[in-house]
Amino acid sequence: MKFDNYMILEFPSRSANEAFARSAVACFAAQMDPTLEELGDIRTAVSEAVTNCIVHAYPNEIGNITLRCRILKDNVLDIVIKDKGIGIADVEQARRPSFTTGGAERSGMGFTIMESFMTSFEVTSSTGKGTTVHMRRKLQRRK
């Protein structure tokens, strides 16, 4: 697929990097002239995806998270967040609202939130090999 611009970041699954990832994507997306609402939605979805990697993919260790953003034709922001953690045994179950493997302090709404803020959303995972979250957001063209 043809794209106008891209960035790739790799960082450890430390909680401090959740804010870094969210801000980096917002800065990258700024060149598309998004509305504040669009930018907020994008930041929230990225935050949820990275937090899932930190909490669920690497529960007992620090691993790597890869973040790729591309600007596609028709003003679409393409975001892929990937880990090489423990993976998800049942993606369909994990996508159900309120399902969590993170304990009582977790709401289990991460995938639901990501999906609601993006134009398209997909999760693929393989147990023991990791998980990939692929999100796209079509942004308004402003005059």
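For the structure itself, consult the block above.
Quick caveat: nothing in here was measured; it's all calculated off a predicted structure.

The rules behind each value
- Residues numbered from 1 in each chain as written.
- Predicted model: local features only at pLDDT ≥ 70, side-chain atom pairs only at ≥ 80, totals over all residues.
- Heavy atoms only, no water.
- Pairing = 2+ DSSP bridges.
- Helix = DSSP H or I, 4+ residues; strand = E, 2+ residues; numbered from the N terminus.
- Axes fitted to C-alpha atoms, helices over the stretch in contact; angles between N-to-C directions.
- Contact = heavy atoms within 4.5 Å.
- Buried < 20%, exposed > 50% of the residue type's maximum accessible area, 1.4 Å probe, protein only.
- Lys, Arg positive; Asp, Glu negative; His and termini not counted.
- Salt bridge = Lys/Arg side-chain N within 4 Å of Asp/Glu carboxyl O.
- Polar contact = N/O pair within 3.5 Å; in protein donor to acceptor, adjacent residues only side chain to side chain.

> Quick one: what's the story with the sheet that holds strand β3 (residues 76-83), residue by residue and with numbers?
Across the sheet, which stays open at both edges, the five strands sit in the order β1-β2-β3-β5-β4 with antiparallel pairing between neighbours. What marks the edges here is a single partner per strand, and that holds for β1 (3-12) and β4 (120-126). For this sheet, the mean inter-axis angle between neighbouring strands, taken without regard to orientation, is 10°. One ladder, built from seven bridges, connects β4 with strand β5 (residues 130-138); its direction is antiparallel. Counted as the bridge partner of Phe121 is Met135 from β5. Contacts between helix α2 (residues 36-57) and the sheet are confined to β1, β2 (64-72), β3 and β5, with β3 contributing the most and set at about 10° to the helix.

> Mind laying out the side chain of Glu38, listing which residues take part and the relevant values?
Within the secondary structure, Glu38 sits in helix α2. We note that Glu38 is buried and unpaired, the nearest opposite charge coming from Arg137 at a distance of 4.6 Å. From its side chain, Glu38 meets the backbone nitrogen of Thr35 in a polar contact 2.8 Å long. Leaving out residues up to four positions away in the same chain, Glu38 has contacts with Arg137, Lys138, Leu139 and Gln140.

By themselves these figures say nothing about function.
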